2 protein chains.
Amino acid sequence: MNPSEWRAYLVTQESRSAGRETAEIVETALDGGVDAVQIREKGRSARERYDLGRRLRELTADADVPLIVNDRVDLAAAVDADGVHLGQSDLPAAVARERLGEESIVGVSASTVPEARAAADAGADYLGVGAVYATDTKDVPAETNGVGPERVATIADAVDLPVVGIGGIDAGNAGAVAEAGAAGVAVVSAITAADDPRAAAAEIREVVGDER
Amino acid sequence: MNPSEWRAYLVTQESRSAGRETAEIVETALDGGVDAVQIREKGRSARERYDLGRRLRELTADADVPLIVNDRVDLAAAVDADGVHLGQSDLPAAVARERLGEESIVGVSASTVPEARAAADAGADYLGVGAVYATDTKDVPAETNGVGPERVATIADAVDLPVVGIGGIDAGNAGAVAEAGAAGVAVVSAITAADDPRAAAAEIREVVGDER
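Residues numbered from 1 in each chain as written. Chains lettered and ligands numbered in written order. Predicted model: local features only at pLDDT ≥ 70, side-chain atom pairs only at ≥ 80, totals over all residues. Heavy atoms only, no water.

Draft legend 1. Looking closely at the packing of aromatic side chains. Taken as a whole and judged by the stated rule, the model has 6 aromatic pairs over all chains. Ring-pair connections join several aromatic residues into one group, and the members of that group are W6(A), Y9(A) and Y126(A). (Phe/Tyr/Trp six-rings, centres within 6.5 Å; stacked < 30°, edge-to-face > 60°.)

Set out below in structure tokens:
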């Protein structure tokens, strides 16, 4: 499925999964209808991410859902993922494209129009725009930590690529992000830390789908 | 040049380079005769390591010296390095071999005989054994932080691969490491932090060569 059709995009982070394993969260969230899964797991070693990635590849393949690897092109290739998601300080998108080939999905984080345009020029398939809302910084005013749905709208208007909003998004604000022009939303805690990750995934997907 | 012929192997770390740039250190050390260069630079982003790696590729190619990338197989491929060096928590050596091909050099860190045997079975081309001497932990007794030249000897005897000693090695103790059976020594600070990296590289190379 093309990134333009991803409504709910789960980004894994075991440290925010209320003591549950990532594979368990992913299996449940797939059941709830997430359209794509990104293995992030910052802070874990490459070997641990490789082992987890192989497990998530099985689960996502069974569900016919794309698996994306954060940052590491080698890990994406090694676990036969569908693509990679690159931040501004990761390898350039053009390098990832060259290593992974035309069929792979290359996503790029962009929080400004120039970053978005550069990613488009480098051959990105979708943009992760954010942080839309303040995240992990609850003692700081939201306006200095979240670019807001307005930025999503600005970037979606400026660049001809699907935009996925990320950062502090849950079922309560996902509709506003979609309304601003995001094809979908990427979420971590709203699914990984939910009491019921399946219901959380289904609800976010429905809220976004209603706005598209 | 085959890793069995590497006497002095420079591992870069700008944070230990007395305020000088890594490219400057590498250029000077190549002039002093280092046989191989590994780009480590832990703590720097993939993008920064990519930019530096391309610069070091030029310098090492001019000197006809192999360039190895620590940890990241994708970065090694992207900068056209000669190989990769993997720790025990990095991607498995067999995965690196599959991604990089038979001609590439795959090195693996091993501090025990079982780790060394596993690396040999996985197709490693050389072993980095250490930390031979205590390093970065000067307030802790050396015996709990360094495996010593004895372990170098044990591993060199047990496995039919070139062994490179690493960890706290300088011109003063490099001879003991070579005498124990190491083909060469990998050093960071002994070159990167030296007043004269060229002289330091030349001295270490000579000390090791005298024991081989």
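There's plenty left to go through after this.
Draft legend 2. Structural view of the packing of helix α5 (residues 113–121) of chain A against helix α7 (residues 148–158) of chain A. Residue and element names in this part refer to chain A. In the contact formed by α5 and α7, the axes pass within 10 Å of each other and the chain directions differ by 35 degrees. Here α5 and α7 pass one another in a crossing that is right-handed. Contact residues: α5 offers V113, A116 and R117, while α7 offers T154, I155 and A158. (Axes fitted to C-alpha atoms, helices over the stretch in contact; angles between N-to-C directions. Helix = DSSP H or I, 4+ residues; strand = E, 2+ residues; numbered from the N terminus. Left-handed = near helix turned anticlockwise from the far one by under 90°. Contact = heavy atoms within 4.5 Å.)

Draft legend 3. Geometry of helix α10 (residues 197–211) of chain A. All names here are of chain A. End to end, α10 covers 22 Å across 15 residues, agreeing with the expected 21 Å (1.5 Å per residue, within 8%). Taken together, the buried positions of α10 are P197, A200, A201, I204 and V208. Viewed end-on, α10 has its buried residues packed into an arc of 100 degrees, placing them on one side of the element. In α10, the exposed positions angled more than 90 degrees off the buried face are occupied by E206 and D210. In this structure, the buried side of α10 is in contact with β1 (8–11), α1 (22–32), α8 (174–179), β8 (184–187) and α9 (189–192). The opening residue of α10, the one whose side-chain oxygen lies 3.1 Å from the backbone nitrogen of R198, is D196. (Expected span 1.5 Å × (residues − 1). Buried < 20%, exposed > 50% of the residue type's maximum accessible area, 1.4 Å probe, protein only. Arc of directions from axis to C-beta. Polar contact = N/O pair within 3.5 Å; in protein donor to acceptor, adjacent residues only side chain to side chain.)

Draft legend 4. Examining the relation of the copies chain A and chain B more closely. The two copies are related by a screw motion: chain A maps onto chain B through a turn of 180 degrees and a shift of 0.0 Å along the axis, at an RMSD of 0.0 Å. Overall, the copies show the geometry of a two-fold rotation axis. When each C-alpha of chain A is compared by its distance to the rotation axis, D74(A) comes out closest, at 2.4 Å. When the interface residues of chain A are mapped onto chain B, 100% of them again lie at the interface, so the same face is used by both copies. (Least-squares fit on C-alpha atoms with pLDDT ≥ 70 in both.)

Draft legend 5. Up close: the pairing of strand β3 (residues 67–70) of chain B. Residue and element names in this part refer to chain B. Here β3 shows two buried faces, one formed by L67 and V69 and the other by I68 and N70. With 3 bridges joining them, strand β2 (residues 36–39) and β3 adopt parallel strand pairing. If you follow I39 over to β3, its bridge partner there is V69. For the handedness criterion, the β-α-β arrangement of β2, helix α2 (residues 46–63) and β3 is classed as right-handed. As paired elements, β3 and strand β4 (residues 83–86) share 3 bridges and run parallel to each other. By the bridge assignment for β4, V69 is matched with V84. (Pairing = 2+ DSSP bridges. Right-handed = clockwise from strand over helix to strand, strands pointing away.)

Draft legend 6. The sheet that holds β3(B), seen in detail. Residues and elements named next belong to chain B. The strand order β1-β2-β3-β4-β5-β6-β7-β8 describes a closed barrel built from 8 strands, whose pairing is parallel. Pairwise comparison of adjacent strand axes, ignoring direction, gives a mean angle of 25 degrees for this sheet. With 4 bridges connecting them, strand β5 (residues 105–110) and strand β6 (residues 126–130) associate as parallel partners. If you follow S109 over to β6, its bridge partner there is G128.

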